[in-house]
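Coordinate analysis (summary)
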Amino acid sequence: MTLTNQGAHPPSSILTVCTGNICRSPLAEQLIRAQLHDNGLSSLQVVSAGLHAAEGAPMEPLPAALSREYGGNPNGSVGRQISAGVVEAAGLVLTMTRKQRDELVKKYPCAAQRAFTMAEFARAAAKVPAGEGMAAPAAASWASVTGAVTNTPLAGLVSRTAAIRSTAELRDEDDIPDPINASEAVHRDVAQRIAGHCKDVADILRKHL
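Residues numbered from 1 in each chain as written. Predicted model: local features only at pLDDT ≥ 70, side-chain atom pairs only at ≥ 80, totals over all residues. Heavy atoms only, no water.

1. Topic: the packing of helix α2 (residues 61–69) against helix α8 (residues 184–208)
In contact at an axis separation of 10 Å, α2 and α8 are set at 45° when each is read in the N-to-C sense. Considering the angle they form, α2 stands oblique to α8. When you trace α2 past α8, the crossing you get is right-handed. Seen from α2, the contacting residues are Leu62, Pro63, Leu66 and Glu69; seen from α8, they are Glu184, His187, Arg188 and Ala191. Here the residues of the contact of α2 with α8 are counted per class, giving four nonpolar, one polar and three charged. (Axes fitted to C-alpha atoms, helices over the stretch in contact; angles between N-to-C directions. Helix = DSSP H or I, 4+ residues; strand = E, 2+ residues; numbered from the N terminus. Parallel < 35°, antiparallel > 145°, perpendicular 65-115°, else oblique. Left-handed = near helix turned anticlockwise from the far one by under 90°. Contact = heavy atoms within 4.5 Å. Nonpolar A, V, L, I, M, F, W, Y, C, P; charged D, E, K, R; others polar.)

Shown next, in the form of structure tokens:
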């Protein structure tokens, strides 16, 4: 799926990110999309990319099979390298690990207030009261960097969450490890964790959007 910057409007897509974009981030993309569809939010775009993507490579067989088990659709999924355009078009960026989040923000500083690990966003955003998403604090918005307005529900929610991200209290075990070349048991554990976060993210978005 191709995304373009929204110009005067805040970015409204969700971008999931991992390293190669053939295991974790496409799985998260597909499960979030399925959850949003189930929650009546199918108009919100969901895409994925890799920081060091296996460009053009098909999604790994085990994650693809697990995507189907959890209600996702992996058909046609191939590795895609992250780019400035994809990041700029995303209203919310979800990485699998803190290292990936930090690498992404170092390369694309404009995403600093929009980039979270999956666990971080799910845990912090759950503390944002319903109805407060529209009121985005100026210090936490991307307006000063991009010139975009912030008066949309997604922009407000992300800004509010960024303002309290420290309350997520992340631990090493909150990072989702790369299952590439690992056993089926490892893949299933990773998929279960991603599926849980995806449900949390979709429930939060349904609550605020």
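2. Concerning the pairing of strand β2 (residues 46–50)
Remark: a regular strand shows side chains that alternate across the two faces of the sheet. Counted residue by residue, β2 has five buried out of five residues, so it is predominantly covered. Every second residue of β2 is oriented toward a common face, with Val46, Ser48 and Gly50 on one face and Val47 and Ala49 on the other, all of them buried. What joins strand β1 (residues 13–18) to β2 is helix α1 (residues 24–38), and the crossover it makes is right-handed. (Buried < 20%, exposed > 50% of the residue type's maximum accessible area, 1.4 Å probe, protein only. Right-handed = clockwise from strand over helix to strand, strands pointing away.)

3. Structural notes on the pairing of β1
In terms of burial, β1 is largely enclosed, as six of its six residues are buried. Side chains of β1 alternate between two faces, with Ser13, Leu15 and Val17 and Ile14, Thr16 and Cys18 buried alike. Note: β1 against strand β3 (residues 90–95), five bridges, orientation parallel. Counterpart to serine 13 in the pairing with β3 is alanine 90. Sheet topology note: the β1/β2 ladder contains five bridges and is parallel. Residue cysteine 18 lies in a different strand from β2, and its bridge partner there is glycine 50. (Pairing = 2+ DSSP bridges.)

4. Some details on the nonpolar core
Looking at soluble globular proteins, one finds that nonpolar side chains tend to be buried together. Within the largest apolar cluster, 35 residues are counted, with the highest numbers of intra-cluster contacts made by Ile14, Leu36, Leu94, Phe121 and Leu205. Those elements that provide at least two residues to this core are β1, α1, α2, β3, α5 (118–125), α7 (153–163) and α8. Looking at this core, the element that brings in the most residues is α8, giving nine residues. If we ignore the near neighbours within four places in the chain, the residues touching phenylalanine 121 are Leu92, Leu94, Phe116, Ala126, Leu157, Thr161, Val201 and Ile204. If you look at the next biggest cluster of nonpolar residues, it comprises 14 residues, including Val17, Val47, Leu51 and Ile82. (Core = buried A, V, L, I, M, F, W, Y, C linked by side-chain atoms within 4.5 Å.)

5. Re the sheet that holds β1
Within a sheet, adjacent strands bond to each other through the backbone by hydrogen bonds, running parallel or antiparallel. Taken together, the four strands give an open sheet; going across it, the order is β2-β1-β3-β4, and neighbouring strands pair in parallel fashion. What marks the edges here is a single partner per strand, and that holds for β2 and β4 (115–117). Taken pair by pair, the neighbouring strands of this sheet meet at an average axis angle of 25°, ignoring direction. On the sheet, α5 packs against β3 and β4 and is oriented at approximately 100° with respect to β4.

6. Let's talk about the packing of aromatic side chains
With the rule as written, the count across this model stands at one aromatic pair. The ring of phenylalanine 116 has arginine 165 lying over it, and the distance from NZ or CZ to the ring centre is 4.3 Å. (Phe/Tyr/Trp six-rings, centres within 6.5 Å; stacked < 30°, edge-to-face > 60°. Lys NZ or Arg CZ within 6 Å of the ring centre and 35° of its normal.)

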